[in-house]
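Structural overview for review
Next come the chains, spelled out residue by residue.
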Amino acid sequence: MAIGPVQLLVLGFSQPDFHGEIREELDRLRDNDLVRVIDALAVYKDAQGNVSTLRESQLSAEERAELGAVVGALVGLGAAGEEGMEAGAELGASAAADRAGVFSDEDGWDVLAEIPENTAAAMILLDHQWAVPLRDAIARAGGFRLASEFISPLDLVGLGLVSAEEAEALASTEKDAL
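Note that this is a predicted model, so its numbers are computed, not measured.

A closer look at the packing of aromatic side chains
- Overall, the coordinates contain 1 aromatic pair when judged by the stated rule.
- For the ring pair F13 and F18, a centre distance of 5.0 Å and an interplane angle of 70° mean the geometry is edge-to-face.

Notes on the pairing of strand β2 (residues 35–45)
- A large share of β2 lies buried, amounting to 9 of its 11 residues.
- Note: β2 against strand β4 (residues 119–128), 10 bridges, orientation antiparallel. When the sheet's bridge partners are listed, V35 is paired in β4 with H128.
- As paired strands, β2 and strand β3 (residues 51–56) are joined by 6 bridges and run antiparallel to one another. Bridge assignment links A40 to a residue of β3, and that residue is E56.
- In this structure, the hairpin formed by β2 and β3 is closed by a connection of 5 residues, where G49 is found at a positive phi of approximately 90°.

Regarding the nonpolar core
- Of all hydrophobic cores here, the largest spans 9 residues; its members are L9, L11, L26, L29, V35, V37, A40, I124 and L126.
- Where this core is concerned, the elements lending two or more residues are β1 (6–14), α1 (21–31), β2 and β4.
- Each residue touching V37, except ones within four places of it in the same chain, is listed here: L26, E56, S57, Q58, L59, I124, L125 and L126.
- L59, L67, M123 and L125 belong to the second-largest nonpolar core, a separate cluster that totals 8 residues.

Focus on the sheet that holds β2
- Taken together, 4 strands build an open sheet; the order of strands is β1-β4-β2-β3 and the sheet is antiparallel. Only two strands of the sheet have a single neighbouring strand rather than two, namely β1 and β3. Adjacent strand axes in the sheet meet at a mean angle of 10°, parallel and antiparallel pairs treated alike.
- Sheet strands in contact with α1 are β1, β2, β3 and β4, and its direction is about 170° off that of β2.

Conventions and cut-offs
Residues numbered from 1 in each chain as written. Predicted model: local features only at pLDDT ≥ 70, side-chain atom pairs only at ≥ 80, totals over all residues. Heavy atoms only, no water. Phe/Tyr/Trp six-rings, centres within 6.5 Å; stacked < 30°, edge-to-face > 60°. Buried < 20%, exposed > 50% of the residue type's maximum accessible area, 1.4 Å probe, protein only. Helix = DSSP H or I, 4+ residues; strand = E, 2+ residues; numbered from the N terminus. Pairing = 2+ DSSP bridges. Core = buried A, V, L, I, M, F, W, Y, C linked by side-chain atoms within 4.5 Å. Contact = heavy atoms within 4.5 Å. Axes fitted to C-alpha atoms, helices over the stretch in contact; angles between N-to-C directions.

In structure tokens form, the structure reads like this:
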């Protein structure tokens, strides 16, 4: 299983009004091999303080075990060389099989403690599958990442790529959605 760059999104929703659009978009991205959800945890606290949670992953049990093995192997390699890599792969696969996802129940409680009533929050761990062929081509050419960052709308104005009005619209959308 090839893993692309992984991104953690932490989102807040004031006065949430969910209609399934976010899930539909994540499914569309997965269906087109662009992005897949490694793990997602969403929590909603109503006006009375009652809590609802939703967990989701687009990985199969086999993919979760394989991802756990890869992560465990990397941790083990860094800690104890090749012997640690083998042990880490086994432990990682086992841990992934025991859990439904990356986020623990404790993560959910941490999120719950932070959100006010009548709001929601979500943590989404995304695997950018679209980037795997590009990353591999860069590696074959002997390249490696020196830095990686999302660029803000104001920076785009500074570069002359968008007007101030376009940046304001982008910033509003970004603030409202991401």
